[in-house]
Amino acid sequence: MLDTELLQEGLALMGFGMGFVFVFLTVLVIATTLMSRVVNRLVPVAEPKAPTPAAPARQDDEELLAVMSAALHRYRQRHRR
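The model shown is predicted, which means the values in this text are computed figures rather than measured ones. Position labels on residues start from 1 in each chain and follow its written sequence. Where local features are concerned, this predicted model is filtered to residues with pLDDT of at least 70; where side-chain atom pairs are given and counted, the filter is 80 or more; whole-chain, interface and lining totals use all residues. Heavy atoms from the whole structure form the basis of all side-chain values; hydrogens and water molecules are not counted.

> It is not clear to me how the overall build of the chain should be interpreted in this structure. Could you clarify?
Numbering of helices and strands runs from the N terminus, with a helix taken as a DSSP run of H or I at least four residues long and a strand as a DSSP run of E at least two residues long. Looking only at helices and strands, one finds two helices and zero strands in the chain. Based on C-alpha atoms, the radius of gyration is set beside the globule rule, defined as 2.2 Å times the residue count to the power 0.38. A compact globule built from 81 residues should have a C-alpha radius of gyration of about 12 Å, whereas the chain, at 34 Å, is more than 25% larger. Taken along its principal axes, the extent of the C-alpha atoms in the chain is 90 × 50 × 10 Å. Within the chain, the proportion of its 81 residues that are buried is 0%. For every accessible area listed, the method is Shrake-Rupley and the probe measures 1.4 Å; residues are considered covered only by the protein chains on display. Here the chain displays about 8,500 Å² of accessible surface, and carbon together with sulfur accounts for 67% of that area. Computed over 9 positive and 8 negative side-chain charges, the inter-centroid distance for the chain is 23 Å. Any residue under 20% of the maximum accessible area for its type is buried, any over 50% is exposed, and the rest in between are partly exposed; the area is computed with a 1.4 Å probe on protein chains only. Asp and Glu count as negative and Lys and Arg as positive, but His and the ends of the chain are not part of the count. To locate a charge, the coordinates of NZ of Lys, CZ of Arg, CG of Asp or CD of Glu are taken.

Right, dumping it as structure tokens:
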């Protein structure tokens, strides 16, 4: 075989392989898109409900603030030395 024939055969094989991969990926994208549309028609996506805001508990906040202040004060006393 001559070098030019070998090069032409290699280029033809490369073109065939790249073409095959391109066609396969195109078919895959089309199939995925169609399946997504079919599933969305059969099972519609429910919109998430807005969470109801709970009223903040003032007593819990004040108690939490007191506990955190006491813990911070104790931490600073121990590590001041």
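Now that the structure has been shown, we can carry on.
> Explain a nonpolar patch on the surface to me, please; I cannot follow it from the model alone.
Judged by side-chain polarity, Phe20, Val21, Phe24, Leu25 and Leu28 come together as a nonpolar surface patch covering roughly 500 Å² of accessible area. Its location among the elements puts Leu25 in helix H1 (residues 3-42). Grouping into patches uses exposed residues only, defined as over 30% relative accessible area, and leaves out salt-bridged ones; the cut-off is 9 Å for like charges and 5 Å for nonpolar side chains (Val, Leu, Ile, Met, Phe, Trp, Tyr). By definition, a salt bridge exists where a carboxyl oxygen of Asp or Glu is found within 4 Å of a side-chain nitrogen of Lys or Arg.

Fair warning: the whole summary comes from geometry, so function is off the table for now.
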